[in-house]
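If you want the building blocks of each chain, they are given just below.
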Amino acid sequence: MKTILAIYSSVSGDNSVSNQLARQWIGQQDARVIERDLATDPVPHLDGATVGAFFTPADQRSDDQTDRVALSDTLVEELQSADTLVISAPMYNFNIPSSLKAWFDQVARAGVTFRYTENGPQGLLSGKKAIVVTSRGGMYKDSGFDFQVPFIKQFLGFIGITDVEVIYAEGVAMGDEARAAAVNDAEKTLEALSA
Ligand SMILES: Cc1cc2nc3c(=O)[nH]c(=O)nc-3n(C[C@H](O)[C@H](O)[C@H](O)COP(=O)(O)O)c2cc1C
């Protein structure tokens, strides 16, 4: 059985378009599901002590450093165990919610999820696919002002996840008709995908 890791980041909970779309699709899959709602259960932003702990070899870490790395290790293990990563992400101020950026910062671990080689960076996660469900009040796809999807793809590629499908629900603040059409289109595109 496949494993889906679902990462939710909207602050709107059950009313969130991206959460509803992602949850509906996940509910149709025959898979084990690990869920993280970063809005209700945020992961901490990085600080100097945590970055210092990341770069200290495991056998030389203090108790405090070991504690600081423990959550990151758990998040990385969840990601490593997943066949399919589902990221549910509203556009906030042209980019991802800061809670999702905090999760990215916790799972980008040198020597664990990526490494630098003489040929440049190499992602250490392989064989995974990602489905990104993004909802926006306006229309930003391919506009030059979508700093969200290019960033998510760059980040996932950096850690080795290059098979990325993006589902857009755009214009959800542009009237009831536009919202319904956007959700309908997104549902149809999702229907064609499997975990
Ligand atoms: C704090 C905040 C910032 C937002 N910034 C943008 C934005 O930059 N561009 C946009 O099109 N919509 C923006 N919106 C609208 C949301 O993208 C839209 O309501 C979307 O449906 C939210 O996703 P959700 O329904 O999954 O929560 C913003 C909404 C909030 C609450």
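Residues numbered from 1 in each chain as written. Predicted model: local features only at pLDDT ≥ 70, side-chain atom pairs only at ≥ 80, totals over all residues. Heavy atoms only, no water.

### Overview of the site of the ligand
As a reminder of what qualifies: Whether a residue is near a molecule or strand depends on its heavy atoms: it is near if one of them lies within 4 Å of it. Whenever two N or O atoms come within 3.5 Å, that pair is a polar contact, provided that in protein one can donate a hydrogen and the other can accept it, and provided that, for residues adjacent in sequence, both atoms are side-chain atoms. In short, Shrake-Rupley with a 1.4 Å probe defines the accessible areas, and a residue's cover is counted only from the protein chains shown. Amino acid classes used here: Ala, Val, Leu, Ile, Met, Phe, Trp, Tyr, Cys and Pro are nonpolar; Asp, Glu, Lys and Arg are charged; the rest, including Gly, are polar.
Around the ligand, 16 residues are found, and the nearest of them are Ser10, Ser16, Ser18, Ser135 and Gly138. Residue Gly137 places a main-chain N or O atom 3.1 Å away from a nitrogen atom belonging to the ligand. Burial of the ligand by the protein chains amounts to 71% of its free accessible area of 630 Å². Looking at side-chain class alone, the shell around the ligand contains seven nonpolar, eight polar and one charged residues.

### Considering the packing of helix H3 (residues 63-81) against helix H4 (residues 98-107)
Cut-off, in case you're wondering: Between N-to-C directions, angles cover 0 to 180 degrees, with each direction set by a line fitted to C-alpha atoms, over the stretch in contact for helices. Strands here are runs of E lasting at least two residues and helices are runs of H or I lasting at least four, both read from the DSSP assignment and numbered beginning at the N terminus. Roughly parallel covers angles under 35 degrees, roughly antiparallel covers those over 145, roughly perpendicular covers 65 to 115, and oblique covers all other angles. Here a residue-residue contact requires only that any non-hydrogen atoms of the pair lie within 4.5 Å.
Between H3 and H4, the least distance of the axes is 8 Å, while the angle of their chain directions is 90°. Comparing the axis directions of H3 and H4 gives the class roughly perpendicular. Facing Ser72, Leu75, Val76 and Leu79 of H3, the residues of H4 in contact are Trp103, Gln106 and Val107. The residue makeup of the contact of H3 with H4, split by class, is five nonpolar, two polar and no charged.

### A look at the UniProt feature "domain: Flavodoxin-like fold" (unreviewed entry) in the protein
Test applied: UniProt positions are given in the numbering used here, feature names are shortened, and annotations may be inferred rather than shown by experiment.
As recorded in UniProt, the feature "domain: Flavodoxin-like fold" (unreviewed entry) lies at residues 2-191. Helix makes up 38% of residues 2-191 and strand 23%. Its end C-alpha atoms lie 17 Å apart.

### Some thoughts on the environment of Asp30
Mapped onto the elements of the fold, Asp30 is located in the loop between helix H1 (17-27) and strand E2 (31-37). Spatially, the C-alpha atom of Asp30 lies 9.1 Å from that of Thr3, the residues being 27 residues apart in sequence.

### Things to note about helix H6 (residues 176-191)
Applicable threshold: Helix span, as expected, comes to 1.5 Å for every residue beyond the first. Exposure categories follow from relative accessible area, calculated using a 1.4 Å probe and restricted to protein chains: below 20% of the type maximum is buried, above 50% is exposed, and the middle band is partly exposed. The arc in question is traced by the directions running from the helix axis to the C-beta atoms.
Taking 1.5 Å per residue, 16 residues should reach 22 Å; H6 reaches 22 Å between its end C-alpha atoms and fits that length. Regarding H6, the residues found buried are Ala182, Ala186 and Leu190. One side of H6 carries all its buried residues, which in axial view fall inside an arc of 65°. The outward face of H6, more than 90 degrees from its buried face, is lined by the exposed residues Asp176, Glu177, Lys188 and Glu191. On the buried face of H6, the contacting elements are H1, strand E6 (129-135) and strand E7 (163-169).

### What about the nonpolar core?
Rules: In this description, a nonpolar core means a group of buried Ala, Val, Leu, Ile, Met, Phe, Trp, Tyr and Cys residues linked to one another through side-chain atoms lying within 4.5 Å.
With 29 residues, the main nonpolar core has Leu79, Leu85, Ile87, Leu100, Trp103, Leu156 and Ile161 as its most contacted residues. Going through the elements one at a time, strand E1 (2-8), H3, strand E3 (84-90), H4, E6, helix H5 (149-158) and E7 are the ones with two or more residues in this core. Ranked by residue count, the leading element in this core is H4, at five residues.

### So, the pattern of salt bridges
Quick note on the threshold: The working definition used for a salt bridge is a side-chain nitrogen of Lys or Arg within 4 Å of a carboxyl oxygen of Asp or Glu.
Enumeration over the complete set of coordinates arrives at 10 salt bridges. The salt bridge partner of Asp14 is Arg23, with a shortest N-O separation of 4.0 Å. Classification of Asp14 as exposed rests on a relative accessible area of 65%. Here Arg136 ties to Glu170 by a salt bridge, and the two come within 2.9 Å at their closest N and O atoms. Of the two residues, Arg136 sits in the loop between E6 and H5 while Glu170 sits in the loop between E7 and H6, which places them 34 residues apart along the sequence. Take Arg136 and Glu170: they sit in the same class, and that class is buried.

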